[in-house]
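# Per-entry structural report
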There are 2 protein chains.
Amino acid sequence: MKPGVSPDTFPPRSHEAKRVSVVDAAASVFCREGYAGANIDLIAAEAGVSRQTVYNHHGDKEKLFVAVVRDLTERCNAGIFATIASFPDQPTDLEADLVAFAVRMNRNCICNRDGRFLRKLIQAEGGRYPELFAEWREQGPGRTWSALAARFARLAFAGHLSIGDPDVAARQFLALVNAELQITFMLGGVPTEEEVLRSATNGVRTFLSAFARKKSPAGKQAALVHA
Amino acid sequence: MKPGVSPDTFPPRSHEAKRVSVVDAAASVFCREGYAGANIDLIAAEAGVSRQTVYNHHGDKEKLFVAVVRDLTERCNAGIFATIASFPDQPTDLEADLVAFAVRMNRNCICNRDGRFLRKLIQAEGGRYPELFAEWREQGPGRTWSALAARFARLAFAGHLSIGDPDVAARQFLALVNAELQITFMLGGVPTEEEVLRSATNGVRTFLSAFARKKSPAGKQAALVHA
DNA sequence: ACAAATTTAGACAGGCTTGTCCAATTCGTC
DNA sequence: GACGAATTGGACAAGCCTGTCTAAATTTGT
């Protein structure tokens, strides 16, 4: 385990671990107390390190804040694109598949620790670091909407939906499945699994009512009405 | 100008005026800097009064903050209900009337100074004053949704829409007409008139596609189904 | 014009926070 | 076991902020 290149022993082992736990604790404290109210001593205590270690690793409060935002942005984007990769391109039950996708999106990206923290930091400090959050906006929501719009366009092309503008549809999809969670988000709360499921179900139903395939053979429409 | 009751001289004339300008300046500073970062000297300067006057009127920082939130809540609610009163109960052009209503809602309640400030304070400090913002939640969004749901139910009853759950429809209406403004709201920006109009138009179109009257006697196919 | 209330500017103590410095200690590696 | 790097705890100066106090100036009502 010692000689040569051992499998899982990196030179800065506990060093890097401390760095991570400082960033994690800082994210939590910055969110709870705001940038001005965040206290380096508290961050250090919550990370289980001394104050001096915080300064050794990150220089000063502002650099630490930037490191926190970059960290959260990166992890959130990774989660979002991983989830979008699971979009139901060949749905068997369109409603059920889209509801499941929306629930995954919420659970893995929007309601989890990173998502809640990043959202709050953007809302609270967005005005003070324009370039930092402009970067997030391009890399995050911008690409999210594009990717999602492409998936919806594909569903429309395959005849499952009737969509005018896929970009608008993608944004409206996200707005609809989160419609009933807005207040909870605003107050910083975490919706229950039931709330997420209900909002997603209601949202997807309305979405499908609006974007259901419209140009279909008359016979099929009649059959649909009968059912 | 001296004897009797002069026309525009209230006993606490400039006194009350100063109180208002202190609250206004405080709202601005609390939003920009956060509660912890807000500086009483800066608030006093921005209000054009001395620091001591701030303390004379409001006691301490926390009481001032509460006064600001109550003030914003009251004004925002008043604006919201005034706007809901202009809901198109007897629409001539349903789409155009709903778009105009959505634009009014955005301009007068959500994007104006009070709306932006209150939203930011709730997001930033909601966790620290649970009872204060719980009160807002009941009086504001709770009653807003109810009132709006009642209006939509009326439209459905009159045969203009086909709605399952009016409460869900009301929340989804608001979510849809704001779908394209979310990011701007998050970053604390003010959307342009064009953006508001576009988001409202796209949102109302999708809303009407989803909730358009389905069982109408107009279509021939529908008549067939009726039989 | 007079008297009362309000406002102002400034000084002030007390507390808290950031960021630095340093000696002692612990940790990882050879 | 020994060496060097990282970490710790604490002291420290400097600055900022809140909230109070005072005496002078201003405004308000009569």
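Residues numbered from 1 in each chain as written. Chains lettered and ligands numbered in written order. Predicted model: local features only at pLDDT ≥ 70, side-chain atom pairs only at ≥ 80, totals over all residues. Heavy atoms only, no water.

Formed by 99 residues in total, the largest nonpolar core has its most connected members in Phe152(A), Phe173(A), Phe30(B), Phe152(B) and Phe173(B). Among the elements that make up this core, the one with the highest residue count is helix α1 (residues 13-37) of chain B (nine residues). Apart from the residues lying within four places of it in its own chain, the contact partners of Phe30(B) are Tyr35(B), Ala38(B), Ile43(B), Lys61(B), Leu64(B), Phe65(B), Val68(B) and Leu121(B). With 32 residues, the next largest nonpolar core counts Ala25(A), Val29(A), Ala38(A) and Leu64(A) among its residues. (Core = buried A, V, L, I, M, F, W, Y, C linked by side-chain atoms within 4.5 Å. Buried < 20%, exposed > 50% of the residue type's maximum accessible area, 1.4 Å probe, protein only. Helix = DSSP H or I, 4+ residues; strand = E, 2+ residues; numbered from the N terminus. Contact = heavy atoms within 4.5 Å.)

Now for the confidence of the model for chain A. Taken over all residues, the pLDDT of chain A has a mean of 89, while the share at 70 or more is 89%. Contacts for the low-pLDDT stretch residues 216-227 of chain A, under 50 throughout, to residues beyond four places or in other chains number six contacts. (pLDDT = per-residue confidence, 0-100.)

Two quantities define a packed helix pair, namely the angle between the helix axes and the distance between the axes. The N-to-C vectors of helix α6 (residues 113-125) of chain A and helix α6 (residues 113-125) of chain B enclose an angle of 135°; their axes lie 10 Å apart at closest approach. Comparing the axis directions of α6(A) and α6(B) gives the class oblique. The chirality of how α6(A) crosses α6(B) is left-handed. The residues of α6(B) that touch α6(A), namely those facing Lys120(A), Gln123(A) and Ala124(A), are Lys120(B), Gln123(B) and Ala124(B). The class makeup of the residues in the contact of α6(A) with α6(B) is two nonpolar, two polar and two charged. (Axes fitted to C-alpha atoms, helices over the stretch in contact; angles between N-to-C directions. Parallel < 35°, antiparallel > 145°, perpendicular 65-115°, else oblique. Left-handed = near helix turned anticlockwise from the far one by under 90°. Nonpolar A, V, L, I, M, F, W, Y, C, P; charged D, E, K, R; others polar.)

Turning our eyes to something else, we now look at the relation of the copies chain A and chain B. Laying chain A over chain B is done by rotating through 180° and shifting 0.0 Å along the axis; what remains is an RMSD of 0.1 Å. Interpreted geometrically, this transformation is the action of a two-fold axis. Taking C-alpha positions as reference, the residue of chain A nearest the rotation axis is Ala210(A), located at 2.0 Å. By residue overlap, the copies meet face to face through one surface: 97% of the interface positions of chain A are interface positions in chain B. (Least-squares fit on C-alpha atoms with pLDDT ≥ 70 in both.)

So, about the layout of surface pockets. By volume, the second largest pocket is sized at about 360 Å³. As for the second largest pocket, its lining consists of 18 residues, of which Cys31(B), Phe117(B), Lys120(B), Leu187(B) and Gly188(B) are closest to the centre. Taken together, the elements giving at least two residues each to the lining of the second largest pocket come down to α6 of chain A together with α1, α6 and α9 (182-186) of chain B. Residue contributions to the lining of the second largest pocket peak at five residues, all from α6(B). Of the residues assigned to the lining of the second largest pocket, the class counts are six nonpolar, six polar and six charged. (1 Å grid on protein atoms, 1.4 Å probe; cavity = no way out; pocket = protein on both sides within 12 Å on 5 of 7 lines; lining within 4 Å. Points joined across faces, edges and corners; volume = space filled by probe spheres on them.)

Applying the stated rule across the entire model yields three cavities of 30 Å³ or more. Taken as a whole, the largest cavity holds about 1,400 Å³ of empty space. Lining the largest cavity are 50 residues, and of these Gln182(A), Phe185(A), Gln182(B), Phe185(B) and Met186(B) sit closest to its centre. Considered class by class, the residues forming the lining of the largest cavity number 32 nonpolar, 14 polar and four charged. Volume-wise, the second largest cavity comes out at about 170 Å³. Around the second largest cavity, the lining comprises 23 residues; the ones closest to its centre are Gly34(A), Ala124(A), Glu125(A), Gly34(B) and Glu125(B). Breaking the lining of the second largest cavity down by element, the ones donating at least two residues are α1 (13-37) and α6 of chain A together with α1 and α6 of chain B. Ranked by residue count, the leading element in the lining of the second largest cavity is α1(B), at eight residues. A class-by-class count of the residues in the lining of the second largest cavity yields 11 nonpolar, four polar and eight charged.

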